[in-house]
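Listed here are the chains, written in short residue letters.
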Amino acid sequence: MSPDLPLSLLELASVRAGDSVGQTLANSVAYARHAEQLGFTRFWLAEHHNIEGVSSSATAVLVGHIAGATRSIRVGSGGIMLPNHPPLVIAEQFGTLESIYPGRIDLGLGRAPGTDPVTSRALRRAGPGAEAFPEDIAQLQALLGPMRPGQAVRAIPGAGTEVPIWLLGSSLYSAQLAGMLGLPYAFAGHFAPRLYREAIQVYRAHFQPSQQLDAAYAMLAVPAVAADTDAEARLLATTSQQRILALMRGRPLFMEPPVDSMDGLWSPQEEAAVREFLGLQLCGGPATLGRQLQELLATVDVDELMFTVDIYQPEARRHALDILAGLRSAPERLAAGA
C-alpha cells in the first residue's frame, strides 16, 4: 500500500449490548479524535432508521457533533439517503455545517432508504423516491451553488457553500451516474463486495469532468479487524460475524462480545452467507493485513480506502486504527512480517 493512499473511516455508531446511546456516541467521539491524531482523512457517519443497535439515524446532527469534537479531519455523511429527505432540507443542514466548519464537510448521498418500507413511509417523504435520485442531486447542486438572479427557492445557509457531493453505492447504476455527473464515488464493499471491481471500472469508464472534479476519484469501503496477532483478530472478528448473523435473522444489531468459536451459533448455510457478506473483510495482525491489502489493491484501482471497524471493546477498536495507520507509514516492513 502506498504511503500516500488516504485512509478514512465509516461509522454506524453501533451500540454495544448493555450500553446507552449516549455512551455509544461518546465512544464515537473518542474514536474520531484518535483517527484524527493518526492522520485519517475522513470520518463519515451512516444513515439508518428503526434498527435496534444502530444509533446513526440523525446523520447531520452526528456530523456536527463529531466535527465539533475534532479540529481537522473531514467529517461527512456516508451517506444521506436522499429519497428520505427534500433536497432543500439537506442543503440547509449541510450548508449550515459547512458554515460552522469550513472546508471540513462532505455530503455523501445514497439512493436506498436505509430502512424497511414501513419506516420509509413513516419518514413522510412523498414523491417518486429513488426514481428521482438524479433530479434530487441536481437540485442539491443548484441549492449549494452560487445564488442565481431571480432564484425563488434558496438554501440559507447553503447557497454558495458548494459542499463536496459524493455518490455512494453498491451497484453499477450508482457508479455510472457518478461518472456521468463528474462526482467522486464510494463503493460499499463493506456489505456488498461482489461488484466492487466492475463498479469502479464502470465509474472510471463513464467519468466526465465537472466543475467539482477534474478526474475520477474512487473510494472503496471495506470491513477491517486489526489486532496485534492473527489469532486475536480472528477472535475479535466474531463480533462482526454475530452482527451480520443477527441482521440475516432479522434480530437487533447490538454489538456482542467476541466468542471463542462461532460453532453452534450458526448453521453451515448461515456461515456461508455471513462470510460472503464480509467477503472483503481484512482480518489479522500487521503482517497479514499488509499482505491482504496488497492483494486487494492489486485487483482494483482506488484513490482512497474507507474502513468499517466492528470491534467490541472501544480500546481495542482504537488500537486497530494504530495498526491500520501503520500499514500506510511502513507498508514494506509490515508486509514482510518484521
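Residues numbered from 1 in each chain as written. Predicted model: local features only at pLDDT ≥ 70, side-chain atom pairs only at ≥ 80, totals over all residues. Heavy atoms only, no water.

## Structural notes on the overall build of the chain
Working step 1: Scanning the chain from N- to C-terminus turns up twelve helices and nine strands.
Working step 2: Computed over its C-alpha atoms, the radius of gyration of the chain comes to 20 Å, within 12% of the 20 Å expected for a compact globule of 338 residues.
Working step 3: Based on the C-alpha atoms only, the size of the chain along its principal axes is roughly 65 × 45 × 35 Å.
Working step 4: Buried positions account for 54% of the 338 residues belonging to the chain.
Working step 5: Taking the contacts inside the chain whose residues are at least 6 apart along the sequence as the reference set, 73% of them involve residues at least 24 apart.
Working step 6: Summed over all atoms, the accessible surface of the chain reaches about 14,600 Å², with 54% contributed by carbon and sulfur.
Working step 7: Looking at charge distribution, the chain has the averaged site of its 25 positive side-chain charges lying 3 Å from that of its 33 negative ones. (Helix = DSSP H or I, 4+ residues; strand = E, 2+ residues; numbered from the N terminus. Rg over C-alpha atoms; globule rule 2.2 N^0.38 Å. Buried < 20%, exposed > 50% of the residue type's maximum accessible area, 1.4 Å probe, protein only. Contact = heavy atoms within 4.5 Å. Areas by Shrake-Rupley, 256 points an atom, 1.4 Å probe, with all protein chains shown as cover. Lys, Arg positive; Asp, Glu negative; His and termini not counted. Charge placed at Lys NZ, Arg CZ, Asp CG, Glu CD.)

## A closer look at the pattern of salt bridges
Close approach of charged atoms allows side chains of opposite charge to pair.
Working step 1: Within this structure, the stated rule accounts for ten salt bridges.
Working step 2: Here Asp106 and Arg42 are joined by a salt bridge, their closest N and O atoms 3.0 Å apart. Highlighted residues: Asp106 in strand E4 (residues 105-110) and Arg42 in strand E2 (residues 42-45), separated in sequence by 64 residues.
Working step 3: Its relative accessible area of 1% is what places Asp106 among the buried residues. (Salt bridge = Lys/Arg side-chain N within 4 Å of Asp/Glu carboxyl O.)

## Section: the packing of helix H2 (residues 59-69) against helix H3 (residues 87-100)
Working step 1: One way to put it is that H2 packs onto H3 with a least axis distance of 10 Å and a crossing angle of 5 degrees. In terms of orientation, H2 lies roughly parallel with respect to H3. Residues Ala60, Val63 and Gly64 of H2 form the contact with H3, whose own contacting residues are Gln93, Phe94 and Leu97.
Working step 2: Looking at the contact of H2 with H3, its residues break down into four nonpolar, two polar and no charged. (Axes fitted to C-alpha atoms, helices over the stretch in contact; angles between N-to-C directions. Parallel < 35°, antiparallel > 145°, perpendicular 65-115°, else oblique. Nonpolar A, V, L, I, M, F, W, Y, C, P; charged D, E, K, R; others polar.)

## Topic: the pairing of E2
Working step 1: Burial along E2 is two-sided: Arg42 and Trp44 and Phe43 and Leu45, pointing in opposite directions, are all buried.
Working step 2: Judged from the three bridges that link them, strand E1 (residues 7-11) and E2 form a sheet pairing that is parallel. Bridging from a neighbouring strand, Leu10 pairs with Trp44 of E2.
Working step 3: Crossover E1 to E2 through helix H1 (residues 21-37) is right-handed.
Working step 4: Two elements, E2 and strand E3 (residues 74-81), share four bridges in a ladder whose sense is parallel. Bridge pairing in E3 places Leu45 opposite Ser77. (Pairing = 2+ DSSP bridges. Right-handed = clockwise from strand over helix to strand, strands pointing away.)

## What to know about the pairing of E4
Working step 1: Burial of E4 is extensive: six of the six residues sit out of reach of the surface.
Working step 2: With burial as the criterion, each face of E4 is covered, one bearing Ile105, Leu107 and Leu109 and the other bearing Asp106, Gly108 and Gly110.
Working step 3: Alignment of E3 against E4, held across five bridges, turns out to be parallel. Residue pairing in the sheet places Ser77 in a bridge with Leu107 of E4.
Working step 4: For the handedness criterion, the β-α-β arrangement of E3, H3 and E4 is classed as right-handed.

## Some thoughts on the packing of helix H6 (residues 172-181) against helix H7 (residues 196-206)
Working step 1: One way to put it is that H6 packs onto H7 with a least axis distance of 7 Å and a crossing angle of 25 degrees. Considering the angle they form, H6 stands roughly parallel to H7. Of the two elements, H6 crosses H7, and the hand of that crossing is right-handed. Where H6 abuts H7, its residues Leu172, Ala175, Gln176, Ala178, Gly179 and Met180 lie against Glu198, Ala199, Val202, Tyr203 and His206. (Left-handed = near helix turned anticlockwise from the far one by under 90°.)

## Notes on the side chain of Thr288
Working step 1: Checked against the element boundaries, Thr288 lands in helix H10 (residues 286-297).
Working step 2: The class for Thr288 is buried, based on a relative accessible area of 13%.
Working step 3: In this view, Thr288 contacts Asp230 and Cys283; residues no more than four positions away in its chain are not counted.

## Topic: the packing of aromatic side chains
Working step 1: This structure, assessed with the given rule, holds five aromatic pairs.
Working step 2: Residues Tyr31 and Phe43 carry aromatic rings whose centres are separated by 5.9 Å and whose planes lie at 70 degrees to one another, so their mutual orientation is edge-to-face. Linking Tyr31 in helix H1 with Phe43 in strand E2, this pair joins segments that are twelve residues apart in sequence.
Working step 3: Residue Phe43 is classed as buried on the basis of its relative accessible area, which comes to 0%.
Working step 4: Considering the side-chain rings of Trp44 and Trp166, the 5.1 Å spacing of their centres and the 85 degrees angle between planes classify their relative orientation as edge-to-face. Of the two residues, Trp44 is situated in strand E2 and Trp166 in strand E5 (residues 165-169); the sequence distance between them amounts to 122 residues.
Working step 5: On the basis of relative accessibility, which here comes to 1%, the residue Trp44 falls in the buried class.
Working step 6: What links up through ring pairs into an aromatic cluster is the set Trp44, Trp166 and Tyr217.
Working step 7: For Arg317, the ring lying beneath its charged end belongs to Tyr31, and the centroid distance is 3.7 Å. (Phe/Tyr/Trp six-rings, centres within 6.5 Å; stacked < 30°, edge-to-face > 60°. Lys NZ or Arg CZ within 6 Å of the ring centre and 35° of its normal.)

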